[in-house]
Amino acid sequence: MTGSGVGSAPGKVILLGEHSVVFGQPAIAATIARRLEVRLAESAASAVGDAKLRAALEAAADGLPVDASSLSIEIRSDVPPACGLGSSAALSLALVRALGSLTGASLSKQEERSRASRVEDVFHGTASGLDVAASAADGVIWFERGAPPTIQALRPREPFDLVIALSSEPRSTAGPVGRLRERQKRRPELFDRMFGLAGDIVRAGREAIESGDLESLGASMDCAHGLLNGFGVSTPTLERMIAIARGAGALGAKLSGAGGGGAIVALGGERTSAVIAAFDAAGFEAFPTRVGAVDLALRQNVSLSDEGVRYEAPASSRGPAVERPR
Ligand code: PMV
């Protein structure tokens, strides 16, 4: 067989529930209007030199009628890499979709998701599955880990605008997750109560999203950030960014993802432009993303332009490094 295949998947932002989701509590995540695209081609000179990317490709191809070692791979993305916005989950899912298109295998949505979860484990050990589930859903989801996980599509009463801002601090998922696991082992009575409270905040956030009560959603995000700080996963830079967002009038703000660097998410409401301007003035990259708008689903099969950021190889246990086009 000779041929080629293309697949793409969106990045995600965790609105509420990171970390406590690992300990069995619910979480809410949404896809963002940024995507990653994989192009695979059968090639005599296999181009996948990076060991982790090769392992991911092999995991994605497991059991499919294709020789993964004969494939070259091209990855384009405008999902900021390695900062908690789901770039490795999007890569995992896009790989699976590209292999589906290359081999003609018809994978159900559930097969795509569970196969992509196994691929994501190649990048950063055993994950809760939240990132892949969010990317696969192309919308807003409620997620609880389990075998199988509980994944429900949430319907925001009104679309709402988030601001995502990047700290540029290097980070990994495994580091903060491992350190919190150690803290929880030392003081289970304290941390298990905090995780329970984090779950209550996620439930309150769900009600706020479904009833269109943005002020309550913002309050839930602020409370969630307080707990995440207590989990020890914030940094001075992230704290400064939270203060910038709130100072510019955001309805709520929190770190998003594993923390230890990476991104924050703010609920901009009517102050979305002002929040972005405040980040610009402080020298942080920030961009808006709309949650609950229908057009995101229509982007499912879009192709990224040549100006898109190009990934070369995973730089850390978390995901691929980025190289901007020359
Ligand atoms: O990889 P990140 O930064 O999106 O973090 C994933 C969310 C965690 O809850 C911290 C880990 C997990 O596996 O759910």
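Higher on the page you've got the structure.
What this report covers is the structure whose coordinates are included nearby. Throughout this description, residue numbers start from 1 for each chain and increase along the sequence as written. Thresholds applied to this predicted model are a pLDDT of at least 70 for local features of residues and 80 or more for the giving and counting of side-chain atom pairs; totals over whole chains, interfaces and linings are not thresholded and use all residues. The side-chain quantities take in all heavy atoms of the structure and omit both hydrogens and water.

### Points about the packing of aromatic side chains
Working step 1: Here the aromatic set is Phe, Tyr and Trp, taking the six-membered ring for Trp, and pairing holds for ring centres within 6.5 Å; pairs whose planes are under 30 degrees apart are stacked, those over 60 apart are edge-to-face, and all others are tilted. Inspection of every chain in the model, using the stated rule, returns four aromatic pairs.
Working step 2: The interplanar angle of 65° and the centroid separation of 5.1 Å between the aromatic rings of F195 and F231 together place this pair among those described as edge-to-face. One end of the pair, F195, is in helix α6 (residues 188-211); the other, F231, is in the loop between α7 (214-230) and α8 (236-247), and 36 residues separate them in sequence. Here F195 and F231 have matching classes, each one buried.
Working step 3: Between F279 and F284 the ring centres are 6.3 Å apart and the planes differ by 85°, which places this aromatic pair in the edge-to-face class.
Working step 4: Only protein chains enter the calculation, and the probe is 1.4 Å; a residue is then buried if its accessible area is under 20% of its type maximum, exposed if over 50%, and partly exposed in between. A residue is classified by how much of its surface remains accessible, and F279, at 0% relative accessible area, is buried.
Working step 5: For F284, a relative accessible area of 9% translates into the label buried.
Working step 6: Through successive ring pairs, a cluster of aromatic residues spans F23, F191, F195 and F231.
Working step 7: Any Lys NZ or Arg CZ that is within 6 Å of a ring centre and within 35 degrees of that ring's normal is treated as a charge sitting over the ring. We note R34 situated over the ring of F287; from NZ or CZ to the ring centre the distance is 3.9 Å.
Working step 8: R206 extends its terminal NZ or CZ atom over the ring of W142, reaching a point 4.8 Å from the ring centre. The helix count covers DSSP runs of H or I at least four residues long, the strand count covers runs of E at least two residues long, and both are numbered beginning at the N terminus.

### Some details on the sheet that holds strand β8 (residues 263-267)
Working step 1: A pair of strands counts as paired when DSSP detects no fewer than two bridges linking them. Read from one edge of the open sheet, four strands run β7-β8-β6-β9, paired in antiparallel fashion. If you trace the sheet from one side to the other, it starts and ends with β7 (252-256) and β9 (286-291), each paired once. The mean angle between the axes of side-by-side strands here comes to 25°, regardless of whether they run parallel or antiparallel.
Working step 2: Direction of pairing for β7 relative to β8: antiparallel, over a ladder of five bridges. Its bridge partner being in β8, S256 is matched across the sheet by A263. Only C-alpha atoms enter the line fits that serve as axes; for helices the fit covers just the stretch in contact. Angles between N-to-C directions range over 0 to 180 degrees.

### Examining the pattern of salt bridges
Working step 1: The term salt bridge refers to a side-chain nitrogen of Lys or Arg lying within 4 Å of a carboxyl oxygen of Asp or Glu. One pass over the structure, following the stated rule, counts 11 salt bridges.
Working step 2: D131 serves as the salt-bridge partner of K12, at 3.2 Å between the closest nitrogen and oxygen. Note that K12 is positioned in strand β1 (residues 4-16) and D131 in helix α4 (residues 130-137), a separation of 119 residues in sequence.
Working step 3: Using a relative accessible area of 11% as the deciding quantity, one classes D131 as buried.
Working step 4: Here E18 ties to K254 by a salt bridge, and the two come within 2.9 Å at their closest N and O atoms. Placement of E18 in the loop between β1 and β2 (27-42) and of K254 in strand β7 is noted, with a sequence separation of 236 residues between them.
Working step 5: On the basis of relative accessibility, which here comes to 0%, the residue K254 falls in the buried class.

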